[in-house]
Amino acid sequence: MTVAAPSKVNLAEKLHSFTDQWSPKIVASYNGNDIMVVRVEGEFVWHSHPDTDDFFLVIDGELDIELRDRTVSLGPGELFVVPTGVEHRPVASRGEVKLLLIEPRGTPNTGDEATAAIKVEI
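Residues numbered from 1 in each chain as written. Predicted model: local features only at pLDDT ≥ 70, side-chain atom pairs only at ≥ 80, totals over all residues. Heavy atoms only, no water.

Engineer: Residue-level account of the side chain of Arg39, with values.
Structural biologist: Positionally, Arg39 belongs in strand S2 (residues 33-43). In terms of polar contacts, Arg39 uses its side chain to reach the backbone carbonyl oxygen of Phe18, at 3.3 Å. (Helix = DSSP H or I, 4+ residues; strand = E, 2+ residues; numbered from the N terminus. Polar contact = N/O pair within 3.5 Å; in protein donor to acceptor, adjacent residues only side chain to side chain.)

Engineer: Would you mind going over unusual backbone geometry in detail, with residue names and values included?
Structural biologist: Residues apart from glycine generally show negative phi values, whereas peptide bonds are mostly found in trans. Its identity as a non-glycine residue notwithstanding, Trp22 has a phi of 60°, on the positive side. Mapped onto the fold, Trp22 is located in the loop between helix H1 (11-16) and strand S1 (25-30). Assessed through its relative accessible area of 19%, Trp22 is described here as buried. A positive phi angle, close to 45°, is found at Asn31, a residue other than glycine. Locating Asn31 in the fold gives a position in the loop between S1 and S2. With relative accessibility at 66%, the residue Asn31 sits in the exposed group. (Buried < 20%, exposed > 50% of the residue type's maximum accessible area, 1.4 Å probe, protein only.)

Engineer: Before we move on, can you summarise the pairing of strand S7 (residues 88-104) with the specific residues and values?
Structural biologist: Sheet analysis places S2 next to S7, joined by 10 bridges and oriented antiparallel. Bridge pairing in S7 places Val37 opposite Leu100. When strand S3 (residues 54-60) meets S7, the two strands line up antiparallel, connected through 5 bridges. Following the sheet pairing, Phe55 is matched in S7 by Ile102. (Pairing = 2+ DSSP bridges.)

Engineer: Describe in detail the side chain of Lys25, supporting the description with residues and values.
Structural biologist: Relative to the helices and strands, Lys25 is located in strand S1. Overall, the relative accessible area of 7% leaves Lys25 in the buried class. Polar contacts involving the side chain of Lys25 include one to the side chain of Asp20, which spans 2.8 Å. Setting aside chain neighbours within four positions, we find Lys25 in contact with Phe18, Asp20, Ile35, Met36, Val37, Val120 and Ile122. (Contact = heavy atoms within 4.5 Å.)

Engineer: Got a sec to walk through the pattern of salt bridges? Specific residues and values, please.
Structural biologist: When their charged atoms lie close together, side chains carrying opposite charge are able to pair. Going through the model one piece at a time under the given rule, you end up with 8 salt bridges. Lys25 is the salt-bridge partner of Asp20, the closest N and O atoms lying 2.8 Å from each other. When salt bridges that share partners are traced, they join Glu43, Glu66 and Arg89 into one network. (Salt bridge = Lys/Arg side-chain N within 4 Å of Asp/Glu carboxyl O.)

Engineer: Explain the packing of aromatic side chains residue by residue, including any values.
Structural biologist: Each pair of aromatic rings is reported with the distance of its centres and the angle of its planes. For the structure on display, the rule yields 1 aromatic pair. With a centroid separation of 4.8 Å and 15° between ring planes, the pair formed by Trp22 and Phe44 is classed as stacked. Of this pair, Trp22 sits in the loop between H1 and S1 while Phe44 is found in the loop between S2 and S3, placing the two residues 22 residues apart along the sequence. An identical accessibility class is assigned to Trp22 and Phe44; each is buried. Above the face of the Phe18 ring, Lys25 is positioned so that its terminal group lies 5.2 Å from the ring centre. For the cation-ring pair, Arg68 lies above Trp46, with the distance from its terminal atom to the ring centre recorded as 3.7 Å. (Phe/Tyr/Trp six-rings, centres within 6.5 Å; stacked < 30°, edge-to-face > 60°. Lys NZ or Arg CZ within 6 Å of the ring centre and 35° of its normal.)

Here it is in structure tokens:
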């Protein structure tokens, strides 16, 4: 059985295709993980993920990830992984930020299914 190779993904084109914020868009899958892009500005809610780490890679802009004991500041090309169960809050207070996120498929972005954004594939 032959499997067709997937098409390449242009992250800039994907990010240009939408303007809504704090609503991750799935652009690819990898070993049961969703690879997503998202546009953010302002503060997100304090939350944690009880069963998974939280991966953030800044494509454009500056993002602060507030933890209860410190703040991690990220610029373009920098990434940070919030460990499983650690409460955190992403903050984009210096303008819009474009991010690449990787999460196990089905992981709610707020850590809670009831309050999570619905992720769509683009």
